[in-house]
Amino acid sequence: MKTSSLWGAPPSRYYSLLRKVAANAGVEHPTMAVLGCADGKFVLPAARRGFKVWAIDIDEVTLFGGVKKDTSGEVPVPGLANRVKAEGFEDSVEIVHGDFMAVRPDRTFDCVFTSGALQYSNNLDHTLAEMVDAVGDCVKPGGLLYIDYMLPYEEKYQGRPTCPEAPWWQEYFKSRPRWDVKYNRAMPPTLDKAHLDYPVDHYHQWGHVLARLTPGS
Ligand SMILES: C[S@@+](CC[C@H](N)C(=O)[O-])C[C@H]1O[C@@H](n2cnc3c(N)ncnc32)[C@H](O)[C@@H]1O
């Protein structure tokens, strides 16, 4: 049975990333860590394509189900674990409840993916560089790192140190030669569809970076 995420469906660029990871890894079952996985918008599409996924989030309800309240009222949340079970991927998806800055996996991955998580207010004890370093440390030599990063378009993000303007990302990768940056694009503001926690259509401004960890790093 195919299930769906309360955050909607991934953009087409995500499926192209999965193809790149599979080609780069050259194995039948590539491995991927999804940091800030919520209810699995990015996890299930990877599992359906044969990936082994390590998925972590601090939000227990999005992982294991329950009820969330947002301005639209109470929203029942099936949760990632139930989606994984309903689709029969219990052997290929490992779910971890925790903070990805505190709980480190015991292995590295063909791809590490994080979307819209670094700028969360719970991460303000860390600098952005500490977080990107830590996320990048989970990538295998020769593997891929993909980050959807938030730009400070909305007032609440302006001045937040974990949500800098686009040049920060250029500088970060320039000063980390272990990364071969495949692309780093700051996009214009886009209209994102209503989703859990933000139940009206809204504008965000995103950037996307894909980088390969130099083999031998
Ligand atoms: C914008 S949501 C994105 C969910 C999913 N990536 C998507 O786009 O549908 C970001 C998720 O990151 C999680 N998150 C933020 N900081 C985290 C941390 N330090 N450790 C684990 N999860 C974190 C939040 O709980 C939230 O579920």
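Residues numbered from 1 in each chain as written. Predicted model: local features only at pLDDT ≥ 70, side-chain atom pairs only at ≥ 80, totals over all residues. Heavy atoms only, no water.

Under an unreviewed UniProt entry, the name given to the protein is Class I SAM-dependent methyltransferase, and the source organism is Kitasatospora acidiphila.

K.L.:
What am I meant to see in the overall build of the protein here?
P.N.:
Of the regular secondary structure elements, the protein holds six helices and 11 strands. The C-alpha atoms of the protein give 17 Å as radius of gyration, which agrees with the globular expectation for 217 residues (17 Å, within 12%). Structurally, the protein occupies a C-alpha span of about 45 × 45 × 30 Å along its principal axes. Burial status across the protein gives 49% buried among its 217 residues. In the protein, the share of contacts with a sequence separation of at least 24, taken over all contacts with a separation of at least 6, comes to 69%. Accessible surface computed for the protein: about 10,400 Å², of which carbon and sulfur atoms make up 52%. For the protein, the distance from the average site of its 24 positive side-chain charges to the average site of its 27 negative ones is 7 Å. (Helix = DSSP H or I, 4+ residues; strand = E, 2+ residues; numbered from the N terminus. Rg over C-alpha atoms; globule rule 2.2 N^0.38 Å. Buried < 20%, exposed > 50% of the residue type's maximum accessible area, 1.4 Å probe, protein only. Contact = heavy atoms within 4.5 Å. Areas by Shrake-Rupley, 256 points an atom, 1.4 Å probe, with all protein chains shown as cover. Lys, Arg positive; Asp, Glu negative; His and termini not counted. Charge placed at Lys NZ, Arg CZ, Asp CG, Glu CD.)

K.L.:
Sorry if this is basic, but what is going on with a positive patch on the surface here?
P.N.:
Together, Lys-2, Arg-19, Lys-20, Arg-49 and Arg-185 make up a region of like positive charge exposed at the surface. By the secondary structure assignment, Lys-2 is in the segment before helix 1 (12-25). (Patch = residues over 30% accessible without salt bridge, like charges linked within 9 Å, V, L, I, M, F, W, Y side chains within 5 Å. Salt bridge = Lys/Arg side-chain N within 4 Å of Asp/Glu carboxyl O.)

K.L.:
Sorry if this is basic, but what is going on with helix 1 here?
P.N.:
An α-helix turns once per 3.6 residues; consequently, residues spaced three or four apart project the same way. For helix 1, which comprises 14 residues, the first-to-last C-alpha distance of 20 Å matches the rise-based estimate of 20 Å (1.5 Å per residue) to within 8%. Inspection of helix 1 places Tyr-14, Leu-17, Leu-18 and Val-21 among the buried residues, and these make up the whole buried set. Axial view of helix 1: buried residues confined to an arc of 100°, hence all on one face. Exposed and oriented more than 90 degrees from the buried face of helix 1 are Ser-12, Arg-19 and Ala-23. Next to the buried residues of helix 1 lie strand 1 (31-35), helix 2 (43-48), strand 6 (109-115), strand 7 (139-150) and strand 11 (206-213). Taken from the residues just after helix 1, Gly-26 is the one with a positive phi, measuring 65°. (Expected span 1.5 Å × (residues − 1). Arc of directions from axis to C-beta.)

K.L.:
Help me out: how do you make sense of the layout of surface pockets in this one?
P.N.:
Vacant regions in the atomic arrangement are exposed by a probe of water-molecule size rolled over the atoms. Volume-wise, the largest pocket comes out at about 1,200 Å³. Trp-7, Ser-115, Gly-116, His-195 and Trp-206 are the residues nearest the centre of the largest pocket, which is lined by 50 residues in total. Contributions of two or more residues to the lining of the largest pocket are made by strand 1, strand 2 (52-57), strand 6, strand 7, strand 9 (190-192), strand 10 (202-204) and strand 11. Here the lining of the largest pocket is built from residues that sort into 23 nonpolar, 15 polar and 12 charged. (1 Å grid on protein atoms, 1.4 Å probe; cavity = no way out; pocket = protein on both sides within 12 Å on 5 of 7 lines; lining within 4 Å. Points joined across faces, edges and corners; volume = space filled by probe spheres on them. Nonpolar A, V, L, I, M, F, W, Y, C, P; charged D, E, K, R; others polar.)

K.L.:
I keep staring at the nonpolar core and nothing clicks. Help me out?
P.N.:
Across soluble globular proteins, you tend to see nonpolar side chains buried next to one another. The biggest cluster of nonpolar side chains holds 30 residues, and the ones touching the most others in it are Val-112 and Leu-118. Of all the secondary-structure elements, those providing two or more residues to this core are strand 1, strand 2, strand 6, helix 5 (128-136), strand 7, helix 6 (166-174) and strand 11. With five residues, helix 5 is the largest single contributor of residues to this core. (Core = buried A, V, L, I, M, F, W, Y, C linked by side-chain atoms within 4.5 Å.)

K.L.:
Quick question: what am I supposed to make of the sheet that holds strand 5 (residues 93-97) here?
P.N.:
Working definition: the strands of a sheet are paired by backbone hydrogen bonds and lie parallel or antiparallel to each other. Read across the open sheet, the seven strands follow the order 5-2-1-6-7-11-8; overall the sheet is mixed. Edge positions in the sheet fall to strand 5 and strand 8 (179-186), since each of these pairs with one other strand and no more. In this sheet, neighbouring strand axes are inclined to one another by 10° on average, regardless of whether the strands run parallel or antiparallel. Bridging between strand 1 and strand 2 involves five bridges; their strand directions are parallel. By the bridge assignment for strand 2, Met-32 is matched with Val-53. Relative to the sheet, helix 1 contacts strand 1, strand 6, strand 7, strand 8 and strand 11, its axis offset from that of strand 7 by approximately 170°. Packed onto the sheet, helix 6 meets strand 7, strand 8 and strand 11 and runs at close to 175° relative to strand 8. (Pairing = 2+ DSSP bridges. Axes fitted to C-alpha atoms, helices over the stretch in contact; angles between N-to-C directions.)

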